[in-house]
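In case you want the letters, here they are:
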Amino acid sequence: MEPTAALPRSFSNHLCPTLHLDGSQDDNVLPFIARMLMEDDAVDEFLYQQYPDHNPALLQTQQLFAQVLFDTSSTSALAAVQAGAQGNDLQDPPSLNSTAMGAVEPANTLSPAEGSNCFKDAVSMAFLRGMEEANKFLPGAGGGYTADFRGRKKRLDVDGDDEQVEGRSSKQMAADGDEESEEAAVREMLDKLMLNGDDEPILADDMQELRAAMDMAKTPPPPGRPAGTRADQVQQQQAVDVDLHSMLIRCADAVANNDRRTASDLLQRIRRHSSPSGDATKRLAHYLAEALEVRLNGTGSLQYRPSSVMAKNASSAGVQLKAQQFFMASCCFLPVNILFSNKTIYNAAAGRKKLHIVHYGLDHGLQWATLLRWLARREGGPPEVRLTGIDVPQPGFRPARLIEEAGRRLTTCARQLGVPFRFRGIAARSEAVRAGDLGIDDPDEVLVVSSLFHFRTLTDEGTVAADGGEAGADPIGAVLGAIREMKPSVFVHAVLNASYSTAFFATRFREALYNFTALFDMMDTILPRDNGRRLLFERDVLARSAVNVIACEGADRVQHPRSYKQWQARSRRAGLRQLPLDCDIVQMLKDKVKRGYHENFVITEDQQWLLQAWKGRVLYAISTWTAGNELAGT
């Protein structure tokens, strides 16, 4: 078959007709679309008619391609194709350009010889470009990838522009290595903490460093030597002239009223008199001013990331863990609540052979290592322990990853101690868990429920309605109702005593200001101002929480703490009955705090709540409950 001299119509110079913007525009558009849809079929038909299977030029080109595909040396094969494309048997390319199909501009007519050479050159050049790109990924090719002993791709050293790619790849590999090492360090720390229990809340070196810093803060200056440096004295004098608390409240009111000019002026004044390294008031003002500015700019959701998101990153998880251990070592709040909870549960399991713990807010599960140790030493042997850990799902493909890791550590710890142990993890929001989901139908089990500050993220019907949520939704009522339905022997509930869950911003800011004032004052009293761990804790924990409370609204605001009196009313309304405090546990905790912590830490009691205060301001509270006989009236 002789190839035709003329190209098909769809390859003519009239491939893209001119569209006239007049009344006949519709008539031009439809034929143009039809020709576009038929273009691929026309190309195939043209190539087959021009160059059938037995065409010598096509056979020669196929032979070159076959050599490339089956030759083990891709470099030599590529050279063969290049030689074939540039040899004497191929003439110089005619007017046909082998660029993108949309840029092809063929002549109207071609002779058979020209068509043959044109075809071979066009296809060869296109194939060569594809081979050059693909050759970068072949093993052993310059500038490509090679596999290491694990089968992973590794970038080879190249020159030219590829050196920048190599640099970026090396940095990425280094970042991945750092991430892996940080994650390994976090896991090692968690394993060590689980093995040691809460009697040793942080590692030995860190404990000694922290205790030394706390002792230094308590040591008064030598006689005749003024307290603080000259800069501190200047700041103290400025504090007399500037009431930062009043300025913060005025600024919050301006932000609430969208008075941007007044708010900006006040923020500038606050910044001049505040500092993250100053005294408690200046540090507080610095971070609250930052939170107000974030709210003013409307970037609260970008500045704050929930713990569930941060936990995906190993470095963030390490920061959170170290902050938690720092808080446990520097003040009595967490140790007292954990000790109260463990002692209460230990007493509830006395004389029983089976114990089932339902724990809301499992986190890393470090609290339970000490309880397992006590149960292992119990006279008559330990009971069979079943722990159901409930926590929010993590983002990504493994929502229960952190829960599973906590369960693995607890299982290993129980095995080493000789305690029969079963673990079940539930990755779900607290209000989504029902009593029927927990398998609590064994009458021989003593059931206890525990929540240490986890319910501070729950909203009630008023908050949901204010945020535009579903009418009638009441997460607090759902959780407390599920606990009542479980009918536990004891429900241990620890709360952050604060009243900044309201939807009204001005009121919420004032309540948050009072609460954070006590926390920053506590840090300033028990630790020196240049202590690095204190600076990190204030920035990464207290300041983050302040940003969420002050700058976020709606679903982005996850902090909804309530006072212990509010929780008492809601618990009774849900049908729970409060239990009296154990006098022996209370006295033991009072002695522990008095003996080992600053004198400004105070433990008191009110309405069967154990209260923890700093300089008279109650910051935390804990109590015990069980299912009541009937629902309380509203």
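Look above for the structure.
From a predicted model like this one, the values you see are computed outputs, not experimental measurements.

Caption draft 1: Focus on the pattern of salt bridges. Overall, the coordinates contain 20 salt bridges when judged by the stated rule. Of the charged contacts in the structure, one is a salt bridge between arginine 570 and aspartate 474, with a shortest N-O distance of 2.9 Å. Of the two residues, arginine 570 is situated in helix α21 (residues 564-573) and aspartate 474 in the loop between α17 (461-466) and α18 (475-486); the sequence distance between them amounts to 96 residues. Overall, arginine 570 belongs to the buried group, its relative accessible area being 13%.

Caption draft 2: Structural context of the nonpolar core. Among the nonpolar cores identified, the biggest contains 99 residues, and Leu292, Met522 and Phe601 are the most heavily contacted of them. Ranked by residue count, the leading element in this core is helix α19 (residues 505-526), at eleven residues. Here this core spans two domains, and each of domain 1 (195-213 + 242-304 + 504-560) and domain 2 (332-462 + 472-497 + 566-580 + 621-627) adds at least three residues to it. Apart from the residues within four sequence positions on either side, phenylalanine 601 is in contact with Ser330, Cys331, Cys332, Phe333, Met522, Ile526, Val593, Ala613 and Trp614. In terms of nonpolar packing, the next biggest core, distinct from the first, is built from 29 residues, Ala435, Val495, Trp567 and Ala621 among them.

Caption draft 3: Spatial organisation of α18. With twelve residues, α18 extends 17 Å between its outermost C-alpha atoms, agreeing within 8% with the 16 Å of an ideal straight helix rising 1.5 Å per residue. Every buried residue of α18 is listed here: Pro475, Ile476, Val479, Leu480, Ala482, Ile483 and Met486. Projected onto a plane normal to the axis of α18, the buried residues spread over an arc of 155° and lie on a single side. Note on α18: the residue one or two positions beyond its end, lysine 487, has a positive phi of about 55°.

Caption draft 4: Structural context of the packing of aromatic side chains. Going through the model one piece at a time under the given rule, you end up with 16 aromatic pairs. Ring centres of phenylalanine 327 and phenylalanine 537 lie 5.3 Å apart, and the angle between their planes is 10°; on these two criteria the pair is classed as stacked. Placement of the pair is phenylalanine 327 in helix α13 (residues 314-330) and phenylalanine 537 in helix α20 (residues 532-551), with a sequence separation of 210 residues. For the pair phenylalanine 327 and phenylalanine 537, a shared accessibility class is recorded, and that class is buried. Plain terms: the ring middles of phenylalanine 455 and tryptophan 567 are 6.3 Å apart, the flat faces sit at 35° to each other, and that makes the pair tilted. With phenylalanine 455 in the loop between β6 (445-452) and α17 and tryptophan 567 in helix α21, this pair connects stretches of sequence that are 112 residues apart. Under the relative-accessibility criterion, phenylalanine 455 is labelled buried at 2%. Joined through ring pairs, the aromatic side chains of Phe326, Phe327, Phe333, Phe453, Phe537, Tyr597, Phe601, Trp614 and Tyr620 make up one cluster. The ring of phenylalanine 505 is capped by arginine 295, whose NZ or CZ atom sits 3.9 Å from the centre of that ring. In this arrangement the basic side chain of lysine 343 is found over the ring face of tryptophan 374, its NZ or CZ atom lying 4.3 Å from the centre.

Caption draft 5: Fine view of the packing of helix α8 (residues 244-256) against helix α10 (residues 280-297). Here α8 crosses α10 at 5°, and the two axes come no closer than 10 Å. With respect to each other, α8 and α10 are oriented roughly parallel. Contacts between α8 and α10 involve Leu244, His245, Leu248, Cys251, Ala252 and Val255 from the former and Thr281, Lys282, Leu284, Ala285, Leu288, Ala289, Leu292, Arg295 and Leu296 from the latter. Considering only residue class, the contact of α8 with α10 consists of eleven nonpolar, two polar and two charged.

Caption draft 6: Quick look at the pairing of strand β3 (residues 354-360). With six of seven residues buried, β3 is to be regarded as a mostly interior element. When β3 meets strand β4 (residues 384-391), the two strands line up parallel, connected through seven bridges. Considered in β4, the bridge of tyrosine 360 is made with isoleucine 390. Note on the crossover from β3 through helix α15 (residues 367-376) to β4: the handedness is right-handed. Relative to β6, β3 runs parallel, the two being bridged by seven bridges. Within β6, the residue paired with lysine 354 across the bridge is glutamate 445.

Caption draft 7: The arrangement of the pairing of β6 in detail. For β6, the buried fraction is high: eight of the eight residues fall into the buried class. One ladder, built from five bridges, connects β6 with strand β7 (residues 490-496); its direction is parallel. Counterpart to valine 448 in the pairing with β7 is valine 490.

Caption draft 8: View of unusual backbone geometry. In this model, asparagine 258 sits at a positive phi of 60°, which is unusual for a non-glycine residue. Inspection of the secondary structure assignment puts asparagine 258 in the loop between α8 and α9 (260-272). Backbone geometry at lysine 615 places phi at a positive 55°, although glycine is not the residue there. With respect to the secondary-structure elements, lysine 615 resides in the loop between β10 (609-614) and β11 (617-627).

Caption draft 9: Layout of the side chain of arginine 386. By the element assignment, arginine 386 lies in strand β4. Excluding its chain neighbours within four sequence positions, the residues that come into contact with arginine 386 are Leu355, His356, Ile357, Arg422, Leu438, Gly439, Ile440 and Glu445.

Analysis parameters
The residue count restarts for each chain, going from 1 along the sequence in the order it is written. Predicted model: local features are reported for residues with pLDDT of at least 70 only, side-chain atom pairs are reported and counted for 80 or more only, and whole-chain, interface and lining totals are derived from all residues. Side-chain numbers come from the whole structure's heavy atoms, not from hydrogens or water. Note on definitions: salt bridges are taken to be side-chain nitrogens of Lys or Arg within 4 Å of carboxyl oxygens of Asp or Glu. Note on conventions: DSSP H or I runs of at least 4 residues are helices, E runs of at least 2 residues are strands, and numbering of each starts at the N terminus. In this scheme, a residue with accessible area under 20% of its type's maximum is buried, one over 50% is exposed, and one in between is partly exposed, where area comes from a 1.4 Å probe on protein chains only. Nine residue types can take part in a nonpolar core, namely buried Ala, Val, Leu, Ile, Met, Phe, Trp, Tyr and Cys, and a core is a set of them joined through side-chain atoms within 4.5 Å. These domain boundaries are the output of an automatic or database domain assignment. By definition in these notes, contact holds between two residues if any of their heavy atoms fall within 4.5 Å. To estimate how far a helix should reach, multiply one less than its number of residues by 1.5 Å. Note: the arc covers the axis-to-C-beta directions of the helix. Only Phe, Tyr and Trp rings are paired, with Trp represented by its six-membered ring, and only when their centres lie within 6.5 Å; those with planes under 30 degrees apart are stacked, over 60 edge-to-face, the remainder tilted. A ring is considered to have a charge above it if a Lys NZ or an Arg CZ atom is located within 6 Å of its centre and within 35 degrees of its normal. Whenever a helix is involved, its axis is fitted only over the stretch in contact; in every case the axis is a line through C-alpha atoms, and angles between N-to-C directions fall within 0 to 180 degrees. An angle below 35 degrees is read as roughly parallel, one above 145 as roughly antiparallel, one from 65 to 115 as roughly perpendicular, and any other as oblique. Asp, Glu, Lys and Arg are counted as charged, while Ala, Val, Leu, Ile, Met, Phe, Trp, Tyr, Cys and Pro are counted as nonpolar; the rest, among them Gly, fall into the polar class. Only strands that DSSP links by at least two bridges are regarded as paired with each other. Note on handedness: a crossover is taken as right-handed if, strands pointing away from the viewer, the path from the first strand over the helix to the second is clockwise.

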